[in-house]
Amino acid sequence: MLGGGLFALLDDRVGDIPVWVYLVAVTPALLVAVIPSVLAVVQGRKAIQLGRPDGKVPAVTGAAIGAAIVVIDLLMFIGG
């Protein structure tokens, strides 16, 4: 919603979309989506270091979700 709202505000709907519009719109949206994944990885690794091997689950899950969000967004940029 954040990226789409910024994109709608910045897009003049004339011709091709400039790269800067896409970057300005997608950067805050990516940060909002990826920060929880990064925190899951950090906290999961911290749990592993403190002797809790089950911390691997949130670490791997957070990394996978964060990577998927970035890859999907890049594919939308390339294909869009």
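Everything numeric here is computed off the predicted structure, so don't read it as measured data.

## Points about the packing of helix H2 (residues 19-49) against helix H3 (residues 56-79)
Where H2 contacts H3, the two axes come as close as 6 Å, and the packing angle between them is 165°. Here H3 runs roughly antiparallel to H2, going by the angle between their axes. Crossing of H2 over H3 shows left-handed handedness. Residues Val19, Tyr22, Val26, Leu30, Ala33, Val34, Ser37, Ala40, Val41, Gly44, Arg45 and Ile48 of H2 pack against Lys56, Pro58, Ala59, Gly62, Ala63, Ile65, Gly66, Ile69, Val70, Asp73 and Phe77 of H3. Partitioning the contact of H2 with H3 into residue classes produces 16 nonpolar, 4 polar and 3 charged.

## Considering H2
Helix length check: H2, at 31 residues, gives a terminal C-alpha distance of 42 Å against a target of 45 Å (1.5 Å per residue), a fit within 8%. Remark: the principal bend of H2, roughly 35°, maps to Val34, with a proline, Pro36, within the next four residues. Taken together, the buried positions of H2 are Val21, Tyr22, Ala25, Val26, Val34, Ser37 and Gly44. Next to the buried residues of H2 lie helix H1 (2-10) and H3.

Rules of the game
Per chain, residues are indexed from 1 in the order of the written sequence. Only residues with pLDDT of 70 or above have their local features reported here, since the model is predicted, and side-chain atom pairs are shown and tallied only from 80 upward, although totals for entire chains, interfaces and linings are computed over all residues. Only hydrogens and water are set aside when side-chain values are computed; all heavy atoms of the structure are taken into account. Axis lines are fitted to C-alpha atoms, over the contacting stretch for helices. Their N-to-C directions set the angle, which ranges from 0 to 180 degrees. Here a strand is any run of E in DSSP of at least two residues, a helix any run of H or I of at least four, and the numbering for each starts at the N terminus. We call two directions roughly parallel when the angle between them is under 35 degrees, roughly antiparallel when it is over 145, roughly perpendicular when it lies between 65 and 115, and oblique otherwise. Should the near helix be turned anticlockwise from the far one by less than a right angle, the crossing is termed left-handed; should it be turned clockwise, right-handed. Contacts are assigned to residue pairs that have any heavy atoms within 4.5 Å of one another. Throughout, the ten residues Ala, Val, Leu, Ile, Met, Phe, Trp, Tyr, Cys and Pro are labelled nonpolar, Asp, Glu, Lys and Arg are labelled charged, and all others, Gly among them, are labelled polar. Any helix carries an expected span of 1.5 Å times its number of residues minus one. Bend at a residue means the angle formed by two fitted axes: the first through the 7 residues ending at that position, the second through the 7 residues beginning there. Burial classes: relative accessible area under 20% of the type maximum marks a residue as buried, over 50% as exposed, and values in between as partly exposed (1.4 Å probe, protein chains only).

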